[in-house]
Amino acid sequence: MDITGPRGTYDILPDKVGKWHRLERVMRQTAELYGYQEVRTPLFEHTELFARGVGDTTDIVQKEMYTFQDKGGRSLTLRPEGTAPCARAFIQHRVYSQPQPTKWYYIGPMFRYDRPQAGRYRQFHQFGAETFGSRSPAVDAEIITLMVDIVTRLGLRDYEVHLNSVGCGRCRLEYRRKLAEFLQPLQAELCDDCRKRVDINPLRIIDCKERRCQEVLTGLPVLRDYLCAECAGHFAAVRRYLDQYAIAYVLDDRLVRGLDYYTNTAFELHVAGIGAQSAVGGGGRYDGLVAACGGPDVPGIGFAIGMERLLLALEENLVEAVLPEGLEVFVAYTGEECEVVAHQVLRELRQAGIRTDRDYMGRSLKAQMKQADRLQVALVVLIGEEEMKKSFYTLRDMDTKAQYQIEQAMLVTEIKRILGK
RNA sequence: GUGGGCGUAGCUCAGUUGGCUAGAGCACCAGAUUGUGGCUCUGGGGGCCGUGGGUUCGAGUCCCAUCGCCCACCCCA
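Scope of this entry: the structure provided in the associated data block. Source: prediction; values computed, not measured. (Residues numbered from 1 in each chain as written. Chains lettered and ligands numbered in written order. Predicted model: local features only at pLDDT ≥ 70, side-chain atom pairs only at ≥ 80, totals over all residues. Heavy atoms only, no water.)

## Thoughts on helix H4 (residues 83–92)
This is how it is decided: Partly exposed describes any residue whose relative accessible area lies between the buried limit of under 20% and the exposed limit of over 50%, with all areas from a 1.4 Å probe on protein chains only and scaled to the type maximum. To qualify as a helix, a DSSP run of H or I must reach at least 4 residues; to qualify as a strand, a run of E must reach at least 2; elements of each kind are numbered from the N terminus. Contacts: residue pairs with any heavy atoms within 4.5 Å of one another.
Of all the ten residues making up H4, nine are buried; the element is thus mostly covered by neighbouring parts of the structure. Among the residues of H4, those classed as buried are Thr83, Ala84, Pro85, Cys86, Ala87, Arg88, Ala89, Phe90 and Ile91. Elements that come into contact with the buried residues of H4 comprise strand E2 (44–46), helix H2 (47–55), strand E5 (102–111), strand E6 (123–132) and helix H10 (289–292). After H4 finishes, the residue Arg94 shows a positive phi value of roughly 50 degrees.

## A few points about the protein's contact with RNA strand B
What counts, and what does not: Working definition: residue near molecule or strand if any one of its non-hydrogen atoms lies within 4 Å of it. By the criterion applied in these results, polar contacts are pairs of N or O atoms within 3.5 Å in which, for protein atoms, one can donate a hydrogen and the other can accept it, and in which residues neighboring in sequence qualify only through two side-chain atoms.
The environment of RNA strand B is made up of 41 residues, and the closest members are Arg7, Arg112, Leu382, Glu386 and Lys401. Restricting the count to atoms of RNA strand B within 4 Å of the protein gives a sugar and phosphate share of 50%. The separation between a base nitrogen of RNA strand B and a polar main-chain atom of Met398 is 2.4 Å. At the level of secondary structure, the elements contributing two or more residues to the surface near RNA strand B comprise E6, strand E10 (279–285), helix H13 (365–374) and helix H14 (385–390).

## Observations regarding the sheet that holds strand E12 (residues 329–333)
Heads up, the condition is: Only strands that DSSP links by at least two bridges are regarded as paired with each other. Only the stretch in contact is used when a helix axis is fitted, and all axes are lines through C-alpha atoms; the angle between N-to-C directions ranges over 0 to 180 degrees.
One open sheet accounts for five strands, arranged E13-E12-E14-E15-E16; its pairing is mixed. The open sheet has two edge strands with one neighbour each: strand E13 (356–358) and strand E16 (403–407). For this sheet the average axis-to-axis angle between neighbouring strands, irrespective of direction, equals 30 degrees. When E12 meets strand E14 (residues 379–383), the two strands line up parallel, connected through five bridges. Bridging from a neighbouring strand, Val329 pairs with Leu379 of E14. Packed onto the sheet, H13 meets E12, E14 and strand E15 (392–397) and runs at close to 175 degrees relative to E12.

This is the structure:
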C-alpha cells in the first residue's frame with residue numbers, strides 16, 4: 001500500500017468517532033442554550049473574500065491558503081477560517097435587515113497549508129460563534145462566556161482565558177505614534193520579520209516570539225493605556241460583565257490582532273500540556289469586518305475553538321464518548337436453504353426497527369456465534385435444518401445462554417418484547 | 001520555509017560486533033466427537049524490514065539520497 005492520505009490530514013475511524021459526536025453535541029446544545037443558530041457555508045469561497053476578510057498581511061493569507069483555479073478561471077480558496085464566510089453570508093442575504101443581533105454558530109473543517117505538528121493539521125475542525133449587529137459589551141462577555149461554558153461542560157479544567165483590548169482605529173492612531181517613537185532607535189536590533197512589520201503592521205511586533213525582540217521590547221508602551229474614553233469604557237464594562245459571572249481571565253498586553261477591522265476586545269483560551277500549540281480557542285471583536293467585506297457598517301464579535309486541540313486537552317480528563325447504536329440481534333443459519341430464510345428474517349427484523357445483522361462470510365455456525373458475540377448482540381435467531389423441518393426458530397439469549405423454540409410467526413413480537421420495544 | 005527524532009507483520013514492538021528459510025504478543029482464520037459464543041490448547045495465513053542507490057563474499061543491521069510520519073521554530077485553532 002503506497003497511497004496514504006495527504007500530509008496534515010487524518011481519518012477518524014469508527015472507534016474514535018464517538019468522541020467527536022460528543023464534542024459536537026455539547027457544542028451545539030450549549031450554543032443553542034445561548035440563542036445561537038447553526039449556519040452552514042461552503043467549504044470554499046472566492047479567494048478575494050479571505051484576502052479582504054482575514055487581511056492580506058496575515059500569515060494565513062500570505063502563505064497558508066489552499067488556493068486553486070476552477071475550470072472557469074475563478075480563483076477559489078478552501079476556507080482557512082469561518083468568520084469571513086459568515087460575514088459574507090450575512091451580507092449576501094441581507095440578514096442585517098432582520099431584527100438584530102444575529103447570533104450564528106458553525107462547526108466544520110478548515111484548511112491551512114502549514115507544517116503539521118502536535119495539535120496542528122492542514123485540515124482541522126473548528127467550532128465558532130459569531131454575533132453581528134451589537135456593540136454592547138454584554139455581547140463581548142456573552143461570547144467569552146459561551147466559549148468557556150463549552151469547554152467546561154466538556155470537562156476541561158486547567159485553562160486560562162487571556163484578555164486584552166486593542167481599541168478602535170482612533171486609539172490605535174495615537175498608540176502607533178508612540179510605538180513608532182519607541183521603535184525608531186531600536187529598529188536595527190529587531191528580527192527580520194519585525195523590521196518589515198514596522199511599516200506594514202507594527203502591532204504584530206508586540207507579540208513577536210523571537211527572544212531577541214522580546215528583550216528589545218521591554219518597556220514597550222502598552223496599547224491598553226492609550227484607549228480612547230469610549231474604548232476604555234467598553235473594556236471596563238466587558239470586565240464587569242465577566243466578573244459578574246465569575247469568569248476568570250488574565251490581562252495580556254501582548255494579545256494583539258493586527259488588522260484595522262479588529263477592534264476592542266481580543267481573547268484567547270490557553271491550555272498547557274498539549275504541545276507548543278497551546279491556543280485552544282480565540283476570538284475578538286471586529287466592528288470593521290462587515291464593512292470591509294462590502295456590507296453596511298455593522299459590528300461583530302466571535303470566536304473559534306480548535307476541536308483537535310480541545311480533544312487533546314480533554315484526553316486526560318477522559319471525555320465520555322457517545323456510544324454508537326450497536327446491533328441487537330444476529331441471525332445465524334446453516335446451509336444454503338436456511339440462508340434464504342435467514343435473509344428474509346433479517347429483513348423482517350430490520351423493518352420492525354430492530355438493529356440486526358447476519359453472516360456474509362460463509363462462516364460455520366460456530367464462527368457465526370463467535371461473530372455474534374463480538375458484535376455484542378443480545379439475541380441470536382438460529383435457523384437450521386431442524387428449525388426448517390418443524391417450522392420454528394431457535395432464539396438464544398447471549399447473556400444467560402437460555403435458548404428456546406419459538407413459533408415462526410411470533411418471532412418479531414417475541415424479540416420486541418424481550419428488547420422492550 | 002528551517003531544524004531534530006523515527007520508519008521491521010493489521011497493531012505494539014524484539015532483532016546481539018552485518019552471517020544461514022526475519023521473530024514475539026495481540027488481532028485474524030481453522031480445528032479440539034460431525035448445529036452453537038466469551039476461557040484454554042493446537043495449527044495456519046500474513047512482512048519488496050518505507051523507497052532507490054552504494055559498501056561488502058554477505059545488510060533489517062553500515063553509508064548516501066529520497067519519501068513519509070512525529071516533534072519543534074514561525075504562526076495560529
